[in-house]
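A structural walkthrough
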Amino acid sequence: MQFGIFGVGDIAPDPTTGIPRSEAQRIQDTVRVAKAADELGLDVFAVGEHHNPPFVASSPPALLGYLAAATERILLSTSITLITTNDPVRIAEDYAFVQHLAGGRVDLMLGRGNTVPVYPWFGQDIRHGVPLALENYNLLHRLWREDVVDWEGRFRTPLQGFTATPRPLDGVPPFVWHGAIRTPEIAEQAAFHGNGYFANHILAPNLHFKPLVDFYRKRFADFGHGRPEDAIVGLGGQAFIAKRSQDAYDRFRPYFESYPMFQGTRLEDFAAGTPLSVGSPQEVIDKTLTFQEGFGDYQRQLWALDLGSMPVEVVLEQVELLATEVVPVLRKEMASRRAPGVPDAPTHASLVRAAFGDGPARQARPRPNRGDNTSGAVPYLDTEAAA
């Protein structure tokens, strides 16, 4: 079971002063939080993608590349990579490059996002959102697994003899989670490819997305990847922790009530009716265990801790409480409740073992170019026999 934190780089006015942080400060604060999560032993740090104020997370590959050098062991991921408005060729190359920098400590979550204007900003039509998502990922899947791709689709120019570089580290692409909260077609695609499915249910009623998770599990089995229980599921959550429950509510209330999305909402009602966990470490543990009871055994649990106006010092306290008083208990308790044979979330090491067994992993060695900056129909030395 993997435990970690995720966010979207949002900025909101301070509830006391009304003044928001600068973008520069928010970026540096995010780096501090990621490094603390690594040092305290959390498993995953994930960042989302937005291209408008009040968000600064416009370039996850740049941030993750920096964090690859600034951290030691934590798995770096995205809490969304926009598969609709990013060119899949660009995604293939950016994240393979980061994968190399991080020594394999990278995976990513793909989704359509929730910002309507982002489609025309990047030359796309939101009315094609689902077909775009499906087509773009199908191409990305091939770009990471085939050295030379010939492809023609509906939404981008054709590819003829194209090679995405660098090739994935050790010949194994980053593991992909498909994030969706409303679209069966995305759950179906995740199941078809044997990929993970992430239900970020933090803004919806408790267990609201169980039908989609159950559908994904069923189709995962239908496509021959194993039992429904073998499907790879991740869940989102949101938390604010203090030693005493009332202190947690008192401290979190100003940030919650001043945040635009939650204005007019009573904190106690929202915490009772959604996956938001506010309270003592034990209360957060108890709430999280209800996710396992409701959704079944799953592989990844991420929490949002850094609501846009929250000072970094407060967020760092939250990371420490989560890592030292919540996650250790959840690791033991959820493992004891776990059904036999339920798999762990894939990692780079496990994917390399699955692909190559005890043999050597791939080390892609390109041929020299022919004077025209291309290396021909067989661009790598080790693919000649297969070609």
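I will try to describe carefully the structure that is included in this document. (Residues numbered from 1 in each chain as written. Predicted model: local features only at pLDDT ≥ 70, side-chain atom pairs only at ≥ 80, totals over all residues. Heavy atoms only, no water.)

All right, on to empty space enclosed by the protein then. Going through the model one piece at a time under the given rule, you end up with two cavities of 30 Å³ or more. Put simply, the largest cavity is a space of about 50 Å³. Every residue lining the largest cavity is counted, 13 residues in all, and those nearest its centre are Val-106, Phe-175, Thr-347, His-348 and Leu-351. For the lining of the largest cavity, a count of residues per class yields eight nonpolar, four polar and one charged. (1 Å grid on protein atoms, 1.4 Å probe; cavity = no way out; pocket = protein on both sides within 12 Å on 5 of 7 lines; lining within 4 Å. Points joined across faces, edges and corners; volume = space filled by probe spheres on them. Nonpolar A, V, L, I, M, F, W, Y, C, P; charged D, E, K, R; others polar.)

Let us look at unusual backbone geometry. In the segment running from Pro-53 into Pro-54, the intervening peptide bond is cis, with an omega of 5°. Positionally, Pro-54 belongs in the loop between β2 (44-47) and α2 (60-70). Residues Thr-165 and Pro-166 are joined by a peptide bond in cis, for which omega reads -5°. Along the chain, Pro-166 falls in the loop between β7 (159-162) and β8 (176-179). At Asp-170, a residue that is not glycine, the phi angle is positive and equals roughly 60°. Inspection of the secondary structure puts Asp-170 in the loop between β7 and β8. Of note, Leu-207 is a non-glycine position whose phi angle comes to about 65°, a positive value. Looking at the secondary structure, you find Leu-207 in the loop between β9 (196-199) and α7 (210-222). (Helix = DSSP H or I, 4+ residues; strand = E, 2+ residues; numbered from the N terminus.)

Buried within helix α6 (residues 184-193) we find Ile-186, Ala-187, Gln-189, Ala-190, Ala-191 and His-193. Buried residues in α6 make contact with α5 (129-145), β8, β9 and α7. Backbone geometry just after α6 places Gly-194 at a positive phi near 70°. (Buried < 20%, exposed > 50% of the residue type's maximum accessible area, 1.4 Å probe, protein only. Contact = heavy atoms within 4.5 Å.)

A word on the packing of helix α1 (residues 23-39) against helix α11 (residues 312-337). Where α1 contacts α11, the two axes come as close as 10 Å, and the packing angle between them is 15°. By the criterion of interaxial angle, the relationship of α1 to α11 is roughly parallel. Seen from above, α1 lies across α11 with right-handed handedness. Residues Asp-29, Arg-32, Val-33, Ala-36 and Ala-37 of α1 touch α11, and the partners they reach there are Val-312, Glu-313, Val-315, Leu-316 and Val-319. In the contact of α1 with α11, the residues fall into seven nonpolar, no polar and three charged. (Axes fitted to C-alpha atoms, helices over the stretch in contact; angles between N-to-C directions. Parallel < 35°, antiparallel > 145°, perpendicular 65-115°, else oblique. Left-handed = near helix turned anticlockwise from the far one by under 90°.)

For the rest of this paragraph, the subject is the pattern of salt bridges. Under the definition given, this model contains 27 salt bridges. The partner of Glu-333 in a salt bridge is Arg-337, with the nearest N and O atoms 2.9 Å apart. Of the two residues, Glu-333 and Arg-337 are both situated in helix α11; the distance of four residues between them amounts to about one turn of the helix. Here Arg-337 falls in the partly exposed class, since its relative accessible area comes to 40%. If you follow the salt bridges from partner to partner, you end up with Asp-147, Arg-167, Arg-362 and Asp-382 in one network. (Salt bridge = Lys/Arg side-chain N within 4 Å of Asp/Glu carboxyl O.)

For the rest of this paragraph, the subject is the environment of Leu-139. Along the chain, Leu-139 falls in helix α5. Counting along the chain gives 10 residues from Leu-139 to Val-149, while the straight-line C-alpha distance between them is 9.0 Å. With residues near it in sequence (within four places) discarded, Leu-139 still touches Pro-88, Val-149, Trp-151, Arg-156 and Leu-159.

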